[in-house]
Amino acid sequence: MTFAFYLDAGARRRTLLGLCAALSLTVTASLPFTAHAADAYPVKPVRLIVPFAPGGAVDIVGRLMAQSLTESLGQAFVVENRPGAGGLLAMEEVARAAPDGYTLAVGGAGPLTVSPSLYRDRKFDPIARFDPVIWYASTPGLLVTNPSLKADSVKALVALSGTVSQPLAMGSAGSGSINHLMGEYFQQVAGVRWMHVPYRGSAPALTDLIAGNVQVMMDIVPTAAPLVKSGKLRALAVTTPQRSATLPDVPTLAELGYTGFDVSSWLSLNAPKGTPPAIIARLNQALNDGLNQPDVRKRITDIGAEPEGGPPDRVAARLKLDLPRWSQLIDKAKIAVE
């Protein structure tokens, strides 16, 4: 622009107008390219970050999503496991990624709605940091007891809880785990008080429940249902409004008088904030199409989960419901990470 200083006023004006016109043409020309890029997405492999170690329900469902997207969109969706800080390490990594659709998070109730309150110093806000893609599946909670406990119904369990000299021992996968919070929430709603016994994961907690070292536990259907079917545990109720397809004879807590009781460990797909809406829509449609296929639905129900689907705003609505609920419960129960 230095040369323009030596031109007369008219020439300078014509030069400036020419530059503005050129800039306008450049911006306009780029718009079809942006739309085309979204339509062509994905043009390279996509990373799906799972916030837990391989083998658990979140990892299994994440791999089902990856397979469905790979088959539908013709590019590899590659699962990477990033456990740590209750799932927040993975969530933070994805939130920092470029919002281009090539790094996505397999989210869950724990990392997205529990861990932000357990790890307040990290100041992680999932609503501000992510664009939701889809609520893919839910894993209902299951209230289970040792079969020797003299309580074969929720009503009997509540009554027993109020008469024993020592509080019943409630196992969990660890302080602040989603099954711990489901158990605390039930106690709050039912007006009972149990003694919390945290373990390092569901497996050792369930082992001690079978042995009778703890008497009661809230777990999720995928891990507890096989033990119920084998007779090693007794199932009293599920925590979602609908019965579990895996255990259709087990009533819901809502059916038993706990109106509106609706907690679960749900699973979603999430993209960094600012991801183009066309990419979000493409991912959402691909996964919804997959959920309409009988073989995909069977694979989900075979692990004890329930297929979900629908528009992205279902995830946003659930976040707005669960975030304050778990935050208040964590504060009230003085739950801390151990």
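Here, the structure is the one placed above.
The notes below deal with the structure included here.

## Describing the packing of aromatic side chains
One pass over the full model with this rule turns up eight aromatic pairs. Aromatic side chains Tyr-185 and Trp-326 sit 6.0 Å apart centroid to centroid with 80° between the ring planes, which places their arrangement in the edge-to-face category. Here Trp-326 lies in helix H12 (residues 313-333) and Tyr-185 lies in helix H7 (residues 178-190), a separation of 141 residues in the sequence. Side by side, Tyr-185 and Trp-326 carry an identical accessibility label, which is buried. An aromatic cluster is defined as three or more aromatic residues linked by ring pairs; in this entry it consists of Tyr-185, Phe-186, Trp-194, Tyr-258, Phe-261 and Trp-326.

## Points about helix H3 (residues 88-96)
The element H3 is largely enclosed, with a buried count of seven among its nine residues. Every buried residue of H3 is accounted for by Leu-88, Ala-90, Met-91, Glu-92, Glu-93, Val-94 and Ala-95. Looking at the buried residues of H3, the elements they touch are strand S1 (46-50), strand S3 (103-108), helix H4 (109-118), helix H5 (126-129), strand S4 (130-145) and strand S9 (264-272).

## Some remarks on the packing of helix H2 (residues 57-73) against helix H10 (residues 277-291)
Two numbers describe how H2 lies on H10: the axes approach to 9 Å, and their chain directions differ by 105°. Viewed along their axes, H2 and H10 adopt a mutual orientation that is roughly perpendicular. Counted together, Met-65, Ser-68, Leu-69, Ser-72 and Leu-73 of H2 and Arg-282, Leu-283, Ala-286, Leu-287 and Gly-290 of H10 form the full contact between these two elements. When grouped by side-chain class, the residues that make up the contact of H2 with H10 number six nonpolar, three polar and one charged.

## Re the pairing of S4
Counting buried residues along S4, 16 of its 16 residues qualify, which places the element largely inside the surrounding structure. In terms of strand pairing, S4 meets S9 through nine bridges, oriented antiparallel. Looking at S9, one finds that Thr-139 is bridged to Ser-265. Relative to strand S10 (residues 306-307), S4 is paired through two bridges, and the arrangement is antiparallel. Among the inter-strand pairings, Ala-137 is bridged to a residue of S10, identified as Pro-307. Two strands pair when backbone bridges link them, and S4 and strand S7 (residues 216-220) are joined in this way by five bridges, in the antiparallel orientation. Pairing of Leu-142 across the sheet is with Asp-219, part of S7. Two elements, S4 and strand S8 (residues 234-238), share four bridges in a ladder whose sense is antiparallel. Among the inter-strand pairings, Val-144 is bridged to a residue of S8, identified as Ala-235.

Here is what the cut-offs are and how they apply
- All residue numbers refer to position in the chain's written sequence, counted from 1.
- In keeping with the model being predicted, local features are shown solely for residues with a pLDDT of at least 70 and side-chain atom pairs are shown and tallied solely at 80 or more, while totals for entire chains, interfaces and linings include all residues.
- Note that the side-chain values use all heavy atoms of the structure and ignore hydrogens as well as water.
- Each Phe, Tyr or Trp ring (for Trp, its six-membered ring) is paired with any other whose centre lies within 6.5 Å, and the angle between the two planes then decides the class: stacked below 30 degrees, edge-to-face above 60, tilted in between.
- Helix numbering and strand numbering both begin at the N terminus, where a helix is a DSSP run of H or I of at least 4 residues and a strand a DSSP run of E of at least 2.
- Only protein chains enter the area calculation, which uses a 1.4 Å probe; residues under 20% of their type maximum are buried, those over 50% are exposed, and those in between are partly exposed.
- Here, residues are in contact when the closest pair of their heavy atoms is within 4.5 Å.
- Lines fitted to the C-alpha atoms define the axes, with helices restricted to the stretch that makes contact. Angles between their N-to-C directions range from 0 to 180 degrees.
- Angles below 35 degrees are treated as roughly parallel, those above 145 as roughly antiparallel, those between 65 and 115 as roughly perpendicular, and all remaining angles as oblique.
- Any residue outside Ala, Val, Leu, Ile, Met, Phe, Trp, Tyr, Cys, Pro, Asp, Glu, Lys and Arg is labelled polar, Gly included; the first ten of those are nonpolar and the last four are charged.
- Here, strands pair whenever DSSP counts at least two bridges between them.

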